[in-house]
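Chain residues, written in single-letter form:
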Amino acid sequence: MPQVPRDNRPDATLAFLADPYRFISKQCRAHGSDLFETRLMLRKTICMTGPKAARLFYDQSLFMRQGAMIGRIQKTLLGKGGVQGLDDEAHRHRKQMFMSLMTPERIEGLMATSGEEWQARACLWALRDEIVLYDELHELLTRAACAWAGVPLPEAQVRQRTHEITALFDAAGSVGLAHWRARWARKRADRWIENIVGQIRSGQIRPPEGSAASIIAEHRDLNGELLSPHVAAVEILNVIRPIVAVGVYITFVAHALHQFPECRRKLEAGDDTGYTELFVQEVRRFYPFFPAVAALVRGDFEWRGYRFPGRRRVILDLHGTNHDARTWDAPEVFQPERFREWDGSPFSFIPQGGGNHDVNHRCPGEWITIGLMKQAADVLARRIGYYVPEQDLQLDYSRLPALPRSRFIICRVREAASAPV
Ligand code: HEM
């Protein structure tokens, strides 16, 4: 039986952290293989890339999630007890709770709320010399996410809660002090939402019917029990936090509008051809956000003659799969039109995970993400005018999440002369 190709470093954690988006695909290319084995945080790990590996990874008879999560990510980004660490029937049941929030009407409701926030912020930006777009998006999206989720956000708490929610994703991949700040933010955010859950259950707060806060606070697990206040808080934050994190993608939308002016011109001209959707999909494919996802092998099996031993940790390369030249022509070229030809495979384009939304761990927030990005593309290309001053727009690939170094500064914000009424 052939051996899974091995990386011969004693541990590759530092190499991974130095280039988290490209480490796996580069090593795979060096080994001439879709997979190789290394040690990450001293633990033996099989790293895989490409659509065939993605199809394998999402076979739930072979892989499980319980125990797969990297500790420091659980203690910051995700929290303990959430849907990400569940398997089988317990996972499907909890996942249905999230999927029930994603109806077209509910998503329209979020777009209306975020649209109002964009309008309010744009008026304030017009009064300032310049703004850092990424930073501004945190509060805009926190207000929209809490309002939509039915979580009360008193004006006096907006800044503090915005900082806490942002730290969960913006500092999750950091080391040192920033990581400890993210852990502290996780504790405070969990406590805040646990309190809200208690108030909903005691009738002190009545969130709108069908809102995330109402559905999750009242959700019952397979035994008919309410979720513990802590787990309910983690799941409500599993809705609010990623909505605020869409600000990373919106910053990339602004970046792409600036770097690829021919795309901007097509967006400015209007959207009769569905171009905005193609543009947003290409932003999700081209730019780095979530590098990889992890699972554990359930029990020994073989794939292409390679042995996968039970309990071995396996990591699937998301960014590299979105740049795999076997699927994507000229993957390093930004080309929205490529999505006219895309076959819709759930394993070749996986910025938010792959497989089936109801059954696999694929992100239930993809429609929201696409909606918020399209709305942002419309505002930035058609509704407001602005000037992009000289700045360092290079993407920092060693950061998690990667961002333009300047965080995208704009100035002279005004209503666009041609803004549609
Ligand atoms: C900001 C853009 C987003 C990115 C890059 C993103 C990415 C991802 C990724 C990579 C996964 C894991 C897939 C896997 O394990 O196989 C995931 C899962 C998840 N996402 Fe998102 N996501 C985003 C937005 C959202 C939004 C807007 C929501 C909800 C409103 C959301 C809620 C979730 C939940 C609850 C899960 C866990 C699903 C499960 O374990 O079954 N995400 N996301």
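Further up the page is the structure itself.
Residue numbers restart at each chain and count upward from 1, following the sequence in its written direction. With pLDDT at 70 or above as the cut-off, local features in this predicted model cover only qualifying residues; side-chain atom pairs require 80 or more to be listed or tallied, and sums for whole chains, interfaces and linings still use all residues. Excluded from the side-chain calculation are hydrogens and water; included are all heavy atoms of the structure.

*Asks:* Help me understand the packing of aromatic side chains in this model?
*Replies:* Side-chain rings of Phe, Tyr and Trp (the six-membered ring for Trp) are treated as a pair once their centres are within 6.5 Å; stacked means planes under 30 degrees apart, edge-to-face means over 60, and tilted covers the remaining angles. Overall, the coordinates contain 23 aromatic pairs when judged by the stated rule. Relative to Phe 349, the ring of Trp 328 lies with its centre 6.1 Å away and its plane at 75 degrees, an arrangement referred to as edge-to-face. Taken together, the residues Trp 328 in the loop between α14 (318-322) and α15 (338-341) and Phe 349 in the loop between α15 and α16 (366-383) connect sequence positions 21 residues apart. No difference in accessibility class separates Trp 328 from Phe 349, as the two residues are buried. The aromatic ring of Tyr 397 is capped on one face by Arg 22, whose charged end is 3.9 Å from the ring centroid. The ring centre of Tyr 387 lies 4.3 Å from the NZ or CZ of Arg 412, which sits over that ring. The numbering of helices and of strands both runs from the N terminus, where a helix is a DSSP run of H or I of at least 4 residues and a strand a run of E of at least 2. To sort residues, take the accessible area from a 1.4 Å probe on protein chains only and compare it with the maximum for the residue type: under 20% means buried, over 50% means exposed, and anything in between is partly exposed. The criterion for a charge sitting over a ring is simple: Lys NZ or Arg CZ within 6 Å of the ring centre, and within 35 degrees of the ring normal.

*Asks:* Any chance you could explain the coordination of the iron atom of the ligand here in plain terms?
*Replies:* Tetrahedral coordination by four donors places them ideally at 109.5 degrees to one another around the metal; octahedral coordination by six donors ideally gives 90 or 180 degrees. On the protein, Cys 363 (SG) is the one donor atom to the iron atom of the ligand, at 2.3 Å. Mapped onto the elements, Cys 363 comes out in the loop between α15 and α16. Any N, O or S atom lying within 2.8 Å of the metal counts as a donor, and for Na, K and Ca the limit rises to 3.2 Å; water is left out, so some sites can look incomplete.

*Asks:* Where do I start with unusual backbone geometry in this structure?
*Replies:* Generally, phi is negative for residues other than glycine and the peptide bonds are trans, each holding for most cases. Residue Pro 401 is bonded to the preceding Leu 400 through a cis peptide linkage, with omega at -5 degrees. In this structure, Pro 401 sits in the loop between β9 (384-387) and β10 (409-415). For Leu 42, which is not glycine, the phi dihedral falls at a positive 70 degrees. Along the polypeptide, Leu 42 turns up in the loop between β1 (35-40) and β2 (43-48).

*Asks:* Is there a simple way to think about the pairing of strand β5 (residues 292-297) in this case?
*Replies:* Along any regular strand, the residues point their side chains to alternate faces of the sheet. Summarising burial for β5: six of the six residues are buried, a large majority. Alignment of strand β3 (residues 63-64) against β5, held across two bridges, turns out to be antiparallel. When the bridges of β5 are listed, Met 64 appears paired with Leu 296. Any two strands with at least two DSSP-identified bridges between them are counted as paired. Two strands pair when backbone bridges link them, and β5 and strand β8 (residues 313-317) are joined in this way by five bridges, in the antiparallel orientation. From the neighbouring strand, Ala 292 faces β8, where its bridge partner is Asp 317.

*Asks:* I keep staring at empty space enclosed by the protein and nothing clicks. Help me out?
*Replies:* It is a probe the size of a water molecule, rolled over the atoms, that shows where empty space is left. Whether a set of points on the 1 Å grid over the protein atoms alone is a cavity depends on a 1.4 Å probe fitting there but being unable to get out, while an open set qualifies as a pocket with protein on both sides within 12 Å along at least five of seven lines; lining residues are those with an atom within 4 Å of a point. Grid points are joined across faces, edges and corners, and a volume is the space filled by probe spheres set on the points. Throughout the structure, instances matching the rule amount to two cavities of 30 Å³ or more. Here the largest cavity defines a volume of roughly 90 Å³. As for the largest cavity, its lining consists of 13 residues, of which Phe 57, Gln 60, Phe 63, Arg 65 and His 361 are closest to the centre. Of the residues in the lining of the largest cavity, the class split is five nonpolar, three polar and five charged. Here the second largest cavity is characterised by a volume of approximately 40 Å³. Forming the boundary of the second largest cavity are Tyr 249, Arg 284, Tyr 287, Pro 288, Phe 289, Phe 290, Leu 318, His 319, Asn 322 and Pro 351. Ranked by residues supplied to the lining of the second largest cavity, first place goes to α14 with three residues. Under this grouping Gly is polar, as are all residues other than the nonpolar Ala, Val, Leu, Ile, Met, Phe, Trp, Tyr, Cys and Pro and the charged Asp, Glu, Lys and Arg. Each residue belonging to the lining of the second largest cavity can be placed in one class, and the counts come to seven nonpolar, two polar and one charged.

*Asks:* Explanation requested: a positive patch on the surface in the structure shown.
*Replies:* Residues Lys 75, Lys 80, Lys 187 and Arg 191 make up a contiguous surface patch of positive charge. What makes Lys 75 partly exposed here is its relative accessible area of 33%. For patch building, the residue pool is restricted to those with more than 30% relative accessible area and no salt bridge; the joining distance is 9 Å between like charges and 5 Å between nonpolar side chains (Val, Leu, Ile, Met, Phe, Trp, Tyr). Computed with a 1.4 Å probe, the accessible areas rest on the Shrake-Rupley method; for each residue, only the protein chains presented here act as cover. Whenever Lys or Arg places a side-chain nitrogen within 4 Å of a carboxyl oxygen from Asp or Glu, that contact is recorded as a salt bridge. His residues and chain termini do not enter the charge count, which takes Lys and Arg as positive and Asp and Glu as negative. For the purpose of locating charges, the reference atoms are NZ of Lys, CZ of Arg, CG of Asp and CD of Glu.

*Asks:* Would you take a moment to explain the packing of helix α13 (residues 275-286) against α16 for this structure?
*Replies:* When two helices pack together, their arrangement is captured by the angle between the axes and the distance separating the axes. Contact geometry for α13 and α16: axes closest at 9 Å, N-to-C directions at 115 degrees. With respect to α16, the element α13 is oriented roughly perpendicular. Pair α13 / α16 crosses with right-handed handedness. Contact with α13, carried on its side by Thr 276, Glu 277, Phe 279, Val 280, Gln 281, Val 283 and Arg 284, involves Glu 366, Thr 369, Ile 370, Met 373, Lys 374 and Ala 377 of α16 and no other residues of that element. Under this scheme, a helix contributes an axis fitted over its contacting stretch, all axes are lines through C-alpha atoms, and angles between N-to-C directions fall in the 0 to 180 degree range. Roughly parallel here means an angle under 35 degrees, roughly antiparallel means over 145, roughly perpendicular means 65 to 115, and every remaining angle is called oblique. Note on convention: the crossing is left-handed when the near helix lies turned anticlockwise from the far helix by less than a right angle, right-handed when the turn is clockwise. We call two residues in contact whenever any of their non-hydrogen atoms come within 4.5 Å of each other.

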